[in-house]
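Residues per chain, in single letters:
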Amino acid sequence: MICAALMEAVRCWSLRAEEDAVISPAPVNPASVSLPQHRGTAAAYQLTAGVGRAFFFKMSVFGPVVKIHPVVLASICDSYERRNEGASRVIGTILGTIDKHSIEVTNCFSVPHNESEDEVAVDMEFAKNMYELHKRVSPTEVIIGWYATGFDITEHSVLIHEYYSREATNPIHLTVDTALQSGKMNIRAYVSAQMGVPGKTVGVMFTPLSVKYIYYDTERIGVDLLQRTRVTPSRTKGLTSDLSQVGSAASRIQDMLTTVLAYIEDVLSGKVTADNSVGRFLMDLVNKVPTITAEDFENMLNSNINDLLMVTYLSNLTQAQIALNEKLVLL
Amino acid sequence: MASRKESSSASSTPMASTGGTLDSPVKQIQIEGLVVLKIIKHYQEEGQGSEVVQGVLLGLVVDDRLEITNCFPFPQHTEDDADFDEVQYQMEMMRSLRHVNIDHLHVGWYQSTYYGSFVSRALLDSQFSYQHAIEESVVLIYDPIKTAQGSLSLKAYRLTPKLMEICKEKDFTTEGLKKASVGFENMFEEVPIVIKNSHLINVLLWELEDKSTVSDKHELLNLSSSNHLEKSLQLLMDRVDDLNQDIVKYNTYSRNLSKQQQQKHQYLQRRQQENTQRQSRGEPPLPEEDISKLFKPPQAPPRMDTLLIAGQINNYCQNVKEFTSQNLGKLFMAEALQGHN
């Protein structure tokens, strides 16, 4: 019944679209849940276009893009939680791969260090050892730079950065604000650049780079599962099995569809002005359901179901067989 | 408490006894999100093409829960001096991790699997040595192909105490197995897993969700999965063939054994007859020869392999059934979608 309503809505919509002359090309995925918050003007849609992009617009982009895997950030948070008494921040090395336009950070390990008012001591031997060990597992990872928790860049950072520039060309400095100073965990990346009068006093400036999060497919699925642990009050989540997973995926899609429907209702009743690009996406969505004659579909469905039932029957048979075999042998 | 009950009821499979009836020291496993991410990453980067990737789990034991807080991967076994390297690598790693306050208690190991085929002699041996050394250790099996299909597939197994007994005795004959009444269903026990994250990680997750686009790949609801089914069935057929060969071997063995019994019997009878004949003729009886030297009993085939194969077949069948039930659900949903057009 959701589909019927959608079809109806799209038909009404396309009639309206013919009257409109303005076309605003804002790329929006209609299935995204952020839809209900930003209904209306095209400008609002620009904002909705993936907050990653919004991040892009805020920061100036020089140099390569830094792509971070979530495992690195989780590791950094974990080492921050395990820091020694009295240490206000944790530092460590980040490993990854460099390619022409971007830097991909895939691994990291923390390095013990001592920091006081006027001096900083980092255990470099340890860092070298750990890097060797890591290299044995994944030989393609190289030292990209280093990370530090905490919001600001201190003078000590400059010293540490200098050390790391001996290990890697143009190291990246990553800061993760675990103290949540601005209410959010800001994750930023910097490269150092020389500044000042050449020949005389030279200083170092950290220029920011844009940060993106990338996931492997399986990582994405893992992270989605972890997201769900935020919801339960005891912060735990068991791993569900087979049919219940399909059920939960289906209910997620259903939620998304309800959101889209609510938006459509609003547009139809005139509360919100229509946006043609969203309309086009909706048209795509509805057209994705293939139009097959009922008879053909019946046949396909039945043959698929028969296949699956046969396989189930065979596997049950096999299990019974081996159980029987075992009983006979052990008699 | 509610989520724990849900997790223990959701993971009951006929392959292994459920969490409620475990009589081992570990009734539940609690994993941190970090470990999950690391395992996924390790397979993704180093596991393409090769058989399995392995690594070590670190954590601690609290009451009857095993908490896994960190892990590190093992390098691949490419060179032949892998043995010595491995121990040294492990020692180095643990020492270094201790410096940064990471739990350095070894609590188990993890392995990736190909379509669910992990029940093998190697796994058994490794898990036995681990469990022997550390009472509560587990092996985490990560199935990357199933995960890529939409839902994280991570299972934790331990050897049942009965199987531990047998491995200790190294008595793999039929009598030994019968004595301990170990069937393929009692080999491994599955321990329910729960994922728990600290508050800081939760903040990170919130941040990630905020900054990343919604995942537009709903792999779980993908209908075209006959490839996966094909492969699983192929592996199942191979295993059934193996089992068949094993059974044939066992049958020939038992036939040989019974034939030999008959021969022994006949020989003894003949001997007796001859002796009585000779006695009646007054000649000295023939010496009783040692029968066991004449008729050497045939070698009893080891039953362990059969048990492993049977366990593996059971596992495959389980997976296939899970898969088909999911697909049936998806097909019915597609029907509902189509029916309203």
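Note that the structure is a prediction, hence the values are computed from the model and not measured.

A. Looking closely at the overall build of chain B. Check the secondary structure of chain B and you find eleven helices and eight strands. Of all 341 residues assigned to chain B, the portion counted as buried reaches 49%. For chain B, the proportion of contacts with a sequence separation of at least 24, taken over those separated by at least 6, is 75%. Working note: accessible area of chain B is about 16,700 Å², and carbon and sulfur atoms make up 51% of it.

B. Representation of the pattern of salt bridges. Going through the model one piece at a time under the given rule, you end up with eight salt bridges over all chains. In this structure, A:Asp78 and A:Arg82 form a salt bridge, with 3.3 Å as the shortest nitrogen-oxygen distance. For the pair A:Asp78 and A:Arg82, one class covers both residues: buried. Residues B:Asp125 and B:Arg121 are paired through a salt bridge, measuring 4.0 Å at the closest nitrogen-oxygen approach. With B:Asp125 and B:Arg121 both in helix H4 (residues 121–133), this residue pair falls four residues apart, about one helical turn. Using a relative accessible area of 32% as the deciding quantity, one classes B:Arg121 as partly exposed.

C. The arrangement of the interface of chain A and chain B in detail. Chain A puts 96 residues into the contact, and the matching count from chain B is 104 residues. Across the chain A to chain B interface the summed buried area is about 9,200 Å²; carbon plus sulfur atoms make up 66%. On inspection of chain A and its partner chain B, the count reaches one salt bridge. In this structure, A:Glu141 and B:Lys41 form a salt bridge, with 3.4 Å as the shortest nitrogen-oxygen distance. Residue classes in the side of chain A that touches chain B are distributed as 48 nonpolar, 31 polar and 17 charged.

D. Broad picture of the domain arrangement of chain A. Domains assigned within chain A are domain 1 (65–217) and domain 2 (294–330). A C-alpha centroid distance of 54 Å is found between domain 1 of chain A and domain 2 of chain A.

E. Geometry of the domain arrangement of chain B. Residue and element names in this part refer to chain B. Here chain B is described as being made up of domain 1 (4–205) and domain 2 (231–340). Taken together, the 23 residues of domain 1 in the interface contact 20 residues of domain 2. Linking domain 1 with domain 2 are zero salt bridges. The tally of links from domain 1 across to domain 2 stands at zero residue pairs in polar contact (both at pLDDT 80 or more). When contributions to the side of domain 1 that touches domain 2 are tallied by element, the ones reaching two or more residues are H4 and helix H7 (174–180). Per-class residue counts for the side of domain 1 that touches domain 2 are 13 nonpolar, seven polar and three charged.

F. The packing of aromatic side chains, seen in detail. Following the criterion strictly, the structure yields nine aromatic pairs over all chains and no others. Between B:Tyr250 and B:Tyr253, the ring centres sit 6.0 Å apart and the planes meet at 45 degrees, which makes this aromatic pair tilted. Taken together, the positions of B:Tyr250 and B:Tyr253, both in helix H9 (residues 226–281) and three residues apart, correspond to about one turn of that helix. Assessed through its relative accessible area of 17%, B:Tyr250 is described here as buried. Members of the aromatic cluster, connected to one another through ring pairs, are A:Trp146, A:Tyr163 and A:Tyr164. Lying across the ring of A:Tyr80, A:Arg83 places its NZ or CZ 4.1 Å from the centre. The lysine or arginine in question, A:Arg220, covers the ring of A:Tyr215, its NZ or CZ lying 4.6 Å from the ring centre.

Cut-offs and rules
- Every chain is numbered on its own, with residues counted from 1 as its sequence reads.
- Starting at A for chains and at 1 for ligands, labels are handed out in the order in which the entities are written.
- Given that the model is predicted, a residue must reach a pLDDT of at least 70 before its local features are reported, and side-chain atom pairs must reach 80 or more before they are shown or counted; all residues, however, enter totals for whole chains, interfaces and linings.
- Calculation of side-chain values draws on the structure's entire complement of heavy atoms; hydrogens and water are dropped beforehand.
- Strands here are runs of E lasting at least two residues and helices are runs of H or I lasting at least four, both read from the DSSP assignment and numbered beginning at the N terminus.
- Here the term buried applies to any residue with accessible area under 20% of the maximum for its type, exposed to any over 50%, and partly exposed to those in between, with areas from a 1.4 Å probe on protein chains only.
- The contact criterion used throughout is that any non-hydrogen atoms of two residues lie within 4.5 Å.
- Method for areas: the Shrake-Rupley scheme with a 1.4 Å probe, in which residue coverage is limited to the protein chains shown.
- Salt bridge, as used here: a side-chain nitrogen of Lys or Arg that lies within 4 Å of a carboxyl oxygen of Asp or Glu.
- The term buried area denotes the loss of accessible surface (1.4 Å probe radius) that occurs when two parts are joined, taken as the sum for both partners.
- The classification used treats Ala, Val, Leu, Ile, Met, Phe, Trp, Tyr, Cys and Pro as nonpolar, Asp, Glu, Lys and Arg as charged, and all other residues, Gly among them, as polar.
- For every domain, the bounds stem from an assignment made automatically or drawn from a database.
- Polar contact is the term for a pair of N or O atoms within 3.5 Å; when the atoms are in protein, one must be able to donate a hydrogen and the other to accept it, and sequence-neighboring residues count only if both atoms are side-chain atoms.
- Here a Phe, Tyr or Trp ring, Trp counted by its six-membered ring, pairs with any other such ring whose centre lies within 6.5 Å, and the pair is stacked when the planes are under 30 degrees apart, edge-to-face when over 60, and tilted otherwise.
- Criterion for a charge above a ring: Lys NZ or Arg CZ within 6 Å of the ring centre, and within 35 degrees of the ring normal.

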